[in-house]
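# Summary of structural features
The lines below spell out each chain.
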Amino acid sequence: MELNTQQSYFPYDKQKAIEAVSFFLDQVPEKKLAIITIVKLLYFSEREYLINNGEPLFGEELYSLPFGPVVSKTYDAIKSQEKLEKDVQLREHFARVDNFLILKKVFPIKRLSRNELRHLKSIFEKFGHYTVAQLMDYCHDKDLTPEWKDPGNSRIPIYHGDLLRVWKVANEDIKEIAALGDVYQEIEDFQNLSSVS
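What counts, and where the lines are drawn
Every chain is numbered independently, its residues counted from 1 as its sequence is written. The predicted origin of the model limits local features to residues at a pLDDT of at least 70 and limits the giving and counting of side-chain atom pairs to 80 or more, whereas totals for whole chains, interfaces and linings rest on all residues. Water and hydrogen atoms play no part in the side-chain values, which are based on all heavy atoms of the structure. A helix here means a DSSP run of H or I that spans at least four residues, while a strand means a run of E at least two residues long, and both kinds are numbered starting from the N terminus. Strand pairing is assigned whenever DSSP detects at least two bridges linking the two strands. Axis lines are fitted to C-alpha atoms, over the contacting stretch for helices. Their N-to-C directions set the angle, which ranges from 0 to 180 degrees. In what follows, residue pairs with any heavy atoms lying within 4.5 Å of each other are defined as contacts. For this analysis, a polar contact is any N or O atom pair within 3.5 Å, provided that within protein one partner can donate a hydrogen and the other can accept it, and provided that sequence-adjacent residues contribute only side-chain to side-chain pairs. Definition used in this section: a nonpolar core is a set of buried Ala, Val, Leu, Ile, Met, Phe, Trp, Tyr and Cys residues joined via side-chain atoms within 4.5 Å. Buried means the residue's accessible area, taken with a 1.4 Å probe over protein chains only, is under 20% of the maximum for its type, while exposed means over 50%, and partly exposed covers the values in between.

Per an unreviewed UniProt entry, the protein chain goes by the name DUF4065 domain-containing protein and belongs to Leptospira levettii.

Here's what the structure looks like:
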């Protein structure tokens, strides 16, 4: 099995990702964070969970952008007020003002487990006090974020297999993660097929 040809071995869980966005915003008194800060908090949450638990938290597609690594699908969902307004699930909870995302109403936590919330809390405690400039420096430091590659003016996918390899996860473990992801994908495909019939 070729281990670096998929963005994610697991289906994207938008509900968990949006719950995490709400959780991070709720950690600060003003209920407001720079969008780039949120995207980085989500990225490090996904990366650390994948490395430590053998599966991703959100099943995100990860990319190297000029401003560092991102969680692509969630970034796309929150990056503009227009996108937020079009999404019934998001518009009553979030608003964008300039380069910031504001929490209007806490998003109910239904999908994230207590263990996952503890993980998010630890990520926030580690990175939540960083300025945008400090996060950018961290993301461009090859010792701290070795999976990031300079994409020039474009973007480069960060495949789960490659990310795990640069963090010294054994090939056998990567194969097991990929196999588990295939099972998740088969279940999702079956559920999608069942809902159509």
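## Considering the environment of Asn52
For Asn52, the position within the fold is in helix 2 (residues 35-53). A sequence separation of 117 residues divides Asn52 from Val169, and the C-alpha atoms of the two residues are 9.5 Å apart.

## Looking at the sheet that holds strand 4 (residues 94-97)
Spatially, the three strands line up as an open sheet ordered 1-5-4, and their pairing is antiparallel. Each having just a single partner strand, strand 1 (32-34) and strand 4 make up the two edges of the open sheet. Here the strands of the sheet are splayed against their neighbours by 25° on average, with no regard to which way each runs. As paired elements, strand 4 and strand 5 (residues 100-103) share four bridges and run antiparallel to each other. Counted as the bridge partner of Val97 is Phe100 from strand 5. Set on the sheet, helix 1 (residues 14-26) makes contact with strand 1, strand 4 and strand 5; between it and strand 5 the angle comes to about 90°.

## Re the side chain of Asp87
Tracing the backbone shows Asp87 in the loop between helix 4 (81-86) and helix 5 (88-91). A distance of 2.9 Å separates the side chain of Asp87 from the backbone nitrogen of Gln89, its partner in a polar contact.

## Observations concerning the nonpolar core
Counting 45 residues, the largest nonpolar core has Phe24, Phe94 and Leu101 as the members making the most contacts within it. The leading source of residues in this core is helix 2, at nine residues.

## Details of the sheet that holds strand 3 (residues 68-71)
Pairing is antiparallel in the open sheet, where three strands are placed in the order 3-2-6. Two strands lie at the open edges of the sheet, namely strand 3 and strand 6 (156-158), each paired on one side alone. Across the sheet, the mean angle from the axis of one strand to that of its neighbour is 35°, orientation sign disregarded. In this sheet, strand 3 lies alongside strand 2 (residues 62-65) in antiparallel orientation, the contact comprising four bridges. From the neighbouring strand, Tyr63 faces strand 3, where its bridge partner is Val70. Along the sheet face, helix 2 touches strand 2, strand 3 and strand 6 and points at about 80° away from the line of strand 3.

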